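So the chains spell out like this:
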Amino acid sequence: MWFRNPFPHFHKDADFQIACDQYTGHRGGGSSTDRRNRPNGGFTFVRSNVRTLQFYRFWYHARHSFPGMHDQDVLNKIKFDPFLDAIGLKVRFLDTAYFGGFCEPARNLNWACTMHANCCVGLGHKIHDLNVVLGDWKHYMSLPADSRGSASLTWRAPQRCRYVSGVDFRSCSEFCLFF
């Protein structure tokens, strides 16, 4: 779900930018270049150039090395591969403060650009929780503009999407970085 223009929050020097399930920058020591970030392929911004073409070919062919894995899981395997550095690919992971999801929602509605229905199993659960998010956003936007900045509103979602394989992502700790 898109709330506002994301372009001001993209890194000008990056070739490949991707949203995250969990962003290490909020845990100290992490950053937008930290490959320990858990990317989510549901939202990407990619410059078309030789480096990204090489990267996508590499990613596509890497699926043969990891049979049965989802493309996002393959990305988590190859993001540490020296090939990315060899081709000079500049990868940036998008901060969940602006590009949130159900795994790690943007906490400040004044900053939120997108909300991704990640960490959720079942279309019905996703639709329910996205409707909750839409309701929260409508309420936020109905506030007078001068009071939105001081409002201490938070998302009511995830509700049905907060559990995946027994992990409650609303109270997720460092463990989730490796989930």
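What this report covers is the structure whose coordinates are included nearby. (Residues numbered from 1 in each chain as written. Predicted model: local features only at pLDDT ≥ 70, side-chain atom pairs only at ≥ 80, totals over all residues. Heavy atoms only, no water.)

## Overview of the overall build of the protein
As a reminder of what qualifies: Secondary structure elements are taken from DSSP: a helix is a run of H or I of four residues or more, a strand is a run of E of two residues or more, and numbering for both begins at the N terminus. Using a 1.4 Å probe on the protein chains alone, a residue whose accessible area is under 20% of its type maximum counts as buried, one over 50% counts as exposed, and one in between counts as partly exposed. The contact rule is simple, with two residues in contact once any of their heavy atoms fall within 4.5 Å. Per-residue accessibility takes into account occlusion by the displayed protein chains alone, with areas from the Shrake-Rupley method and a 1.4 Å probe.
Within the protein, the secondary structure is distributed over five helices and seven strands. Secondary structure elements of the protein, listed N to C terminal, follow the sequence β-β-α-α-α-β-β-β-α-α-β-β. Per-residue burial for the protein yields a buried fraction of 42% across its 179 residues. Counting contacts in the protein only where the partners sit at least 6 residues apart, residues at least 24 apart contribute 65% of the total. Summed over all atoms, the accessible surface of the protein reaches about 9,500 Å², with 55% contributed by carbon and sulfur.

## Some remarks on helix α1 (residues 50-62)
Note the threshold: Given the number of residues in a helix, its expected span is that number minus one, multiplied by 1.5 Å. It is the directions from the helix axis to the C-beta atoms that the arc portrays. Here a polar contact means two N or O atoms within 3.5 Å. Within protein one must be a hydrogen donor candidate and the other an acceptor candidate, and residues neighboring in sequence count only if both atoms are side-chain atoms.
Taking 1.5 Å per residue, 13 residues should reach 18 Å; α1 reaches 18 Å between its end C-alpha atoms and fits that length. For α1, the set of buried residues is Thr-52, Phe-55, Trp-59 and Ala-62. Within α1, the buried residues cover an arc of 90 degrees as seen down the axis, which keeps them to one side. Projecting away from the buried face of α1 at angles above 90 degrees are the exposed residues Val-50 and Arg-57. Backbone nitrogen of Arg-51 and a side-chain oxygen of the N-cap are separated by 3.0 Å at the start of α1; the cap is Asn-49.

## With respect to helix α2 (residues 71-78)
Within α2, burial applies to Gln-72, Val-74, Leu-75, Asn-76 and Ile-78. Buried residues belonging to α2 abut β1 (16-22), β2 (38-46), α1 and α3 (82-86).

## Brief notes about the pairing of β1
Our working definition: For two strands to be treated as a pair, DSSP must find no fewer than two bridges joining them.
Counting buried residues along β1, seven of its seven residues qualify, which places the element largely inside the surrounding structure. With six bridges connecting them, β1 and β2 associate as antiparallel partners. Opposite Gln-17, over in β2, you have Phe-45 as the bridge partner. For β1 and strand β3 (residues 91-93), the ladder comprises three bridges, and the chain directions are parallel. Each bridged residue has a counterpart across the sheet, and for Phe-16 the counterpart in β3 is Val-91.

Purely geometric numbers; function is a separate question.
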